[in-house]
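# Architecture at a glance
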Amino acid sequence: GAERQVRLPLGCHHPLVPLHLHEERPSYVVCGGAVFTALSQPYLQHEWGKAWERRAPVSLVAKALNGSKAQRGEQVVLLSQLLGHECVRGYDSALLANSMVRALNGVPILCLAQLAQLVRACRQRSLRFDLEESRVLVLD
């Protein structure tokens with residue numbers, strides 16, 4: 001074979017899902033009985049144990065193991081759970097818990113801080129959370 005010179009751009013891998021929280025406490029946004037948080041490997045371990053790679057939903061495992069940030073500050077935002085509140089009455093917590101949040105009132109969600117800001121700034125009568133797998137949560 002002939003000798004060739006090849007130029008490859010080098011860059012850092014910025015994992016989408018943090019491996020550690022580095023002594024930070026997880027952040028949560030609670031809105032009308034819906035609890036939102038950012039996905040992290042400690043969260044996955046807490047919810048599904050040491051074997052989370054086999055037990056957690058495939059979509060979350062894929063983000064945790066293969067996801068890279070497309071832009072600075074990007075996070076996977078989850079609807080973690082539904083609390084007992086009249087705003088979420090009638091919703092199946094088992095079906096919606098641990099679903100990724102795609103958008104709030106049509107605005108794509110980049111991170112948990114943005115979600116909190118959009119909730120605070122909302123002047124509409126209801127909040128529509130578009131989740132993965134075409135699931136929807138509407139809070140009035």
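Relevant structure appears above.
Throughout what follows, the structure given in this document is the object of discussion. (Residues numbered from 1 in each chain as written. Predicted model: local features only at pLDDT ≥ 70, side-chain atom pairs only at ≥ 80, totals over all residues. Heavy atoms only, no water.)

Each helix and strand counted, the protein chain has five helices and seven strands in total. Each principal axis of the C-alpha atoms in the protein chain carries an extent, and together these give about 70 × 35 × 30 Å. The buried share of the protein chain, taken over its 140 residues, is 38%. Summarising the internal contacts of the protein chain: among those between residues at least 6 apart in sequence, 56% fall at separations of at least 24. If you sum the accessible surface of the protein chain, you get close to 9500 Å²; carbon and sulfur atoms cover 49% of it. Computing the positive centroid from 16 side-chain charges and the negative centroid from 12, the protein chain places the two 3 Å apart. (Helix = DSSP H or I, 4+ residues; strand = E, 2+ residues; numbered from the N terminus. Buried < 20%, exposed > 50% of the residue type's maximum accessible area, 1.4 Å probe, protein only. Contact = heavy atoms within 4.5 Å. Areas by Shrake-Rupley, 256 points an atom, 1.4 Å probe, with all protein chains shown as cover. Lys, Arg positive; Asp, Glu negative; His and termini not counted. Charge placed at Lys NZ, Arg CZ, Asp CG, Glu CD.)

The phi dihedral of H22 is positive, around 50°, even though this residue is not glycine. With respect to the helices and strands, the residue H22 is situated in the segment before β1 (28–31). Overall, the relative accessible area of 64% leaves H22 in the exposed class.

For the rest of this paragraph, the subject is helix α5 (residues 112–121). Considered for burial, the residues of α5 that qualify are L112, Q114, L115, A116 and V119. Tucked into the core, α5 has its buried residues touching β1, β2 (34–38), β3 (77–82), β4 (99–104), β5 (107–108) and β6 (127–131).

Let us now look at the pairing of strand β7 (residues 136–139). Of the two faces of β7, only the one carrying L137 and L139 is buried; V136 and V138 on the other face are not. Relative to β7, β6 runs antiparallel, the two sharing four bridges. Residue pairing in the sheet places F129 in a bridge with L137 of β7. (Pairing = 2+ DSSP bridges.)

What follows concerns the pattern of salt bridges. Once the charged atoms of two side chains with opposite charge are near each other, the side chains can pair. Evaluation of the coordinates by the stated rule reveals two salt bridges. In this structure, R135 and E133 form a salt bridge, with 2.8 Å as the shortest nitrogen-oxygen distance. (Salt bridge = Lys/Arg side-chain N within 4 Å of Asp/Glu carboxyl O.)

Attention now moves to the side chain of E74. With respect to the helices and strands, the residue E74 is situated in the loop between α3 (58–66) and β3. Buried charge E74 goes without a salt bridge, the closest partner of opposite sign being K63 at 6.2 Å. One polar contact links the side chain of E74 to the main-chain amide nitrogen of A70, over a distance of 2.6 Å. Residues contacting E74, with those up to four places away along its chain left out, are L16, S68, K69 and L110. (Polar contact = N/O pair within 3.5 Å; in protein donor to acceptor, adjacent residues only side chain to side chain.)

Turning our eyes to something else, we now look at α3. Regarding α3, the residues found buried are L60, V61 and A64. Buried residues of α3 fall within an arc of 100° about the axis and therefore sit on the same side. Facing away from the buried side of α3 by more than 90 degrees, the exposed set consists of V58 and N66. Those residues of α3 that are buried are in contact with α1 (41–48), α2 (52–55), β3 and β4. (Arc of directions from axis to C-beta.)

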